[in-house]
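So the chains spell out like this:
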Amino acid sequence: MTEHLLHERDGALLTLRLNRPDKKNALTGAMYLGMADGLRAAAADDSIRAVMIVGGNDFTAGNDLADFARAGDGGPRPGAAFEFLQVIRSFPKPLVAGVRGVAIGIGTTMLLHCDVVVTARDAKLQMPFVRLGLVPEGGSSVLLARRVGQARANWWLLSGEAFSGASAAEAGLALETVDDNAVDATARRYAEQLATLPPGAYAESKRLLREPQAVELEAVMDAERAAFSARLQTPEAQAIFAGFFARKAG
Ligand code: COA
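We now turn to the structure provided with this report. Note that this is a predicted model, so its numbers are computed, not measured.

Notes on the overall build of the protein
- Scanning the protein from N- to C-terminus turns up ten helices and nine strands.
- Computed over the C-alpha atoms, the radius of gyration of the protein is 17 Å, within 12% of the 18 Å expected from 2.2 N^0.38 for a compact globule of 250 residues.
- Expressed as lengths along the three principal axes of its C-alpha atoms, the size of the protein is roughly 50 × 40 × 35 Å.
- Buried positions account for 50% of the 250 residues belonging to the protein.
- Pairs at least 24 residues apart make up 74% of the contacts formed inside the protein by residues separated by at least 6 positions.
- Summed over all atoms, the accessible surface of the protein reaches about 11000 Å², with 57% contributed by carbon and sulfur.
- Across the protein, the mean location of the 27 positive side-chain charges is 2 Å away from that of the 29 negative side-chain charges.

Section: the site of the ligand
- Surveying the vicinity of the ligand reveals 16 residues, the closest of which are Lys23, Ala61, Asn63, Leu65 and Lys248.
- Measuring from an oxygen atom of the ligand, one finds a side-chain N or O atom of lysine 23 at 2.5 Å.
- Summarising the interface, the protein chains cover 69% of the accessible area of the ligand, which totals 860 Å² for the free molecule.
- Because more than half of its atoms lie within 2 Å of the grid, the ligand is assigned to the largest pocket.
- Listing elements by their share of the shell around the ligand, those giving two or more residues are helix H2 (65-71) and helix H10 (235-249).
- Here the residues of the shell around the ligand are counted per class, giving eight nonpolar, two polar and six charged.

Some details on the sheet that holds strand S7 (residues 124-126)
- The three strands are arranged S5-S7-S8 in an open sheet whose pairing can be described as mixed. Only two strands of the sheet have a single neighbouring strand rather than two, namely strand S5 (102-104) and strand S8 (163-164).
- Note: S5 against S7, three bridges, orientation parallel. Its bridge partner being in S7, valine 102 is matched across the sheet by lysine 124.

Here is what the cut-offs are and how they apply
Residues numbered from 1 in each chain as written. Predicted model: local features only at pLDDT ≥ 70, side-chain atom pairs only at ≥ 80, totals over all residues. Heavy atoms only, no water. Helix = DSSP H or I, 4+ residues; strand = E, 2+ residues; numbered from the N terminus. Rg over C-alpha atoms; globule rule 2.2 N^0.38 Å. Buried < 20%, exposed > 50% of the residue type's maximum accessible area, 1.4 Å probe, protein only. Contact = heavy atoms within 4.5 Å. Areas by Shrake-Rupley, 256 points an atom, 1.4 Å probe, with all protein chains shown as cover. Lys, Arg positive; Asp, Glu negative; His and termini not counted. Charge placed at Lys NZ, Arg CZ, Asp CG, Glu CD. Near = heavy atom within 4 Å. Polar contact = N/O pair within 3.5 Å; in protein donor to acceptor, adjacent residues only side chain to side chain. 1 Å grid on protein atoms, 1.4 Å probe; cavity = no way out; pocket = protein on both sides within 12 Å on 5 of 7 lines; lining within 4 Å. Sits in = over half its atoms within 2 Å of the grid points. Nonpolar A, V, L, I, M, F, W, Y, C, P; charged D, E, K, R; others polar. Pairing = 2+ DSSP bridges.

See below:
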């Protein structure tokens with residue numbers, strides 16, 4: 001358990017709330033494992049009928065770059081992040097994300113595994129993997145293009161340019177975009193609506209929706225994991241992480 005991830009239970013709804021505001025909810029190993037545990041527990045608990053993932057003023061600034069920097073000298077490997085991705089990609093119940101502020105790196109790619117995504121119009125989404133010396137993760141190498149088309153996926157994944165919550169909805173990555181102060185309530189409305197549906201049929205339907213790409217996705221995610229882990233160790237990536245903290249200190 002970590003104080004940086006709150007599990008809030010309200011009736012049939014479980015909310016996983018990222019809660020590390022001073023670091024813009026940058027994700028630590030403990031936060032990933034907390035989310036993975038929360039999803040696993042929710043899947044096994046018949047009284048939980050839907051899960052929401054939200055942040056506060058920010059969704060998440062992505063993986064903690066200090067952990068990426070430490071990966072170069074034998075520090076933490078990104079195992080927890082990949083464990084979380086394995087759990088979220090097969091989660092059988094309604095899963096809704098509410099995105100305010102920044103959603104960077106895995107903050108954007110995890111949305112590809114949610115059933116409903118609500119963004120603030122002015123949210124800032126970004127997949128700066130190449131800029132960081134890294135490669136895409138979360139299955140985004142294949143899933144993003146299916147969602148938003150190859151041209152936009154190429155641009156967002158390869159250039160690493162940020163885009164707004166409004167653009168995410170216009171492209172089909174989010175279902176709805178609303179004013180910042182309406183995100184949580186709107187996400188909650190969707191989660192509550194989905195929570196009323198018969199859980200057996202819901203889980204079976206999610207399985208069918210995922211099945212055509214399940215084998216391919218598994219292979220893609222394995223390949224992403226191998227490439228990502230290797231890239232983390234490279235001098236190219238390590239110099240970029242060091243630059244982030246040097247700029248902060250300067
Ligand atoms: N890892 C670790 N710390 C992070 C972080 C991250 N991914 N993102 C933000 N932080 C920390 C900053 O170091 C800063 O900490 P400090 O106050 O102790 O110096 C604090 O969060 C606030 O961030 P700051 O950069 O001052 O806010 P900003 O509004 O100027 O910029 C971001 C916000 C998110 C655009 C910027 O912090 C950023 O680019 N972060 C890195 C995002 C990223 O590359 N994530 C990995 C994706 S794979």
